[in-house]
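# Tertiary structure, described
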Amino acid sequence: MGSEGPKAITIHVTGFKKFLGVSENPTEKIATNLKSYVEKRGLPSGLSLGSCSVLDTAGDGAKSKLYEVLEASVVSGDKNNNGTVVWLHLGVNSGATKFAIERQAVNEAHFRCPDELGWQPQRLPIVVEDGSISKAKETSCSTESIFQLLKKKGFEVVQSDDAGRFVCNYVYYHSLRFAEQKGHKSLFVHVPLFSKINEDTQMQFVASLLEAIAATC
């Protein structure tokens, strides 16, 4: 061990509120309860849990709120000024039976139903100046390493290159863009409904996910 000790890393977490077809979003409960959960469980040395926020399940109408949440980490400077800052976004895939680590987001908003503020874009670029709706941004997190660590712990988890074209992908694209500009990292993970994987297992998964991100950044 060198004299520097563990690398400082702060992970900020977001979940989402309800939306059409999902009256209780598991990620709202996870984000709300995560701080108290990890306080009891403890975190590895050098790892801090930053803000835990719950976002409206909306695109353009909620964009200013999303950027308020993202900018707050820069304004606060975080406690670890020289450490790594990671944004972990959690969203629900109501048809899934496994956790999914999303490797990328695409510059396309194509909502199958209106978001919670009534917006339903069809094949629109999320950021016009970025060009084509086929443009993708990839996370700089080590998704393969994170996947392997979680798999070893026995979680049902897969890697994915398709975060959909709804609000999850919309938020992820903006977050990856923001992370590029600020020298941060961003990762999106889809979780199933609590009826598919129970709440306690999902809390264990997210706590292990924080540890896996810290170990691989």
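Residues numbered from 1 in each chain as written. Predicted model: local features only at pLDDT ≥ 70, side-chain atom pairs only at ≥ 80, totals over all residues. Heavy atoms only, no water.

### Overview of the overall build of the protein
On a plain count of helices and strands, the protein comes out with 5 helices and 8 strands. Written out in order from the N terminus, the α and β elements of the protein read β-α-β-α-β-β-β-β-α-β-α-β-α. For the protein, the C-alpha radius of gyration of 16 Å lies close to 17 Å, the compact-globule estimate for 217 residues. For the protein, the C-alpha atoms occupy an extent of roughly 55 × 40 × 25 Å along the three principal directions. Counting only residues that meet the buried cut, the protein has 50% of its 217 residues in that class. Sequence-distant contacts, at least 24 apart, represent 80% of the contacts inside the protein between residues at least 6 apart. For the protein, the exposed surface amounts to about 10,100 Å²; the carbon and sulfur share of it is 47%. Of the charged side chains in the protein, 24 are positive and 24 negative; the average position of the first set lies 3 Å away from that of the second. (Helix = DSSP H or I, 4+ residues; strand = E, 2+ residues; numbered from the N terminus. Rg over C-alpha atoms; globule rule 2.2 N^0.38 Å. Buried < 20%, exposed > 50% of the residue type's maximum accessible area, 1.4 Å probe, protein only. Contact = heavy atoms within 4.5 Å. Areas by Shrake-Rupley, 256 points an atom, 1.4 Å probe, with all protein chains shown as cover. Lys, Arg positive; Asp, Glu negative; His and termini not counted. Charge placed at Lys NZ, Arg CZ, Asp CG, Glu CD.)

### Regarding helix H4 (residues 167–182)
Count 3.6 residues to each turn of an α-helix, and residues three or four apart come out pointing the same way. Compared with the 22 Å implied by 1.5 Å per residue over 16 residues, the 22 Å span of H4 between its first and last C-alpha is a close match. For H4, the buried fraction is high: 13 of the 16 residues fall into the buried class. Of the residues trailing H4, Gly183 is marked for its positive phi of about 75°. (Expected span 1.5 Å × (residues − 1).)

### Considering the pattern of salt bridges
Across all of its chains, the model carries 12 salt bridges by this definition. One salt bridge connects Asp56 with Lys17, and the closest N-O pair in it is separated by 3.3 Å. Of this pair, Asp56 sits in the loop between strand S2 (47–55) and helix H2 (63–75) while Lys17 is found in the loop between strand S1 (9–16) and helix H1 (26–41), placing the two residues 39 residues apart along the sequence. The exposure class assigned to Asp56 is partly exposed, which follows from its relative accessible area of 34%. Overlapping salt bridges bring together Arg41, Lys153 and Glu211 as one network. (Salt bridge = Lys/Arg side-chain N within 4 Å of Asp/Glu carboxyl O.)

### Digging into the environment of Gly59
Topologically, Gly59 is positioned in the loop between S2 and H2. Gly59 sits 156 residues away from Ala215 along the chain, and the two C-alpha atoms are 32 Å apart. The residues touching Gly59, leaving out its near neighbours within four places in the chain, are Phe111, Asp115, Trp119, Val167 and Tyr170.

### What about the sheet that holds S2?
Taking strand neighbours across the sheet as the criterion, the 6 strands line up as S2-S1-S3-S8-S4-S7 in an open arrangement whose pairing is mixed. Each having just a single partner strand, S2 and strand S7 (157–160) make up the two edges of the open sheet. Going across the sheet, the axis of each strand differs from the next one's by a mean of 25°, ignoring polarity. In the sheet, S1 pairs with S2 via 7 bridges, with the strands oriented parallel. When the bridges of S2 are listed, Gly15 appears paired with Val54. This element, H4, spans S1, S2, strand S3 (84–92), strand S4 (99–102) and strand S8 (185–191) of the sheet and lies at about 165° to S8. (Pairing = 2+ DSSP bridges. Axes fitted to C-alpha atoms, helices over the stretch in contact; angles between N-to-C directions.)

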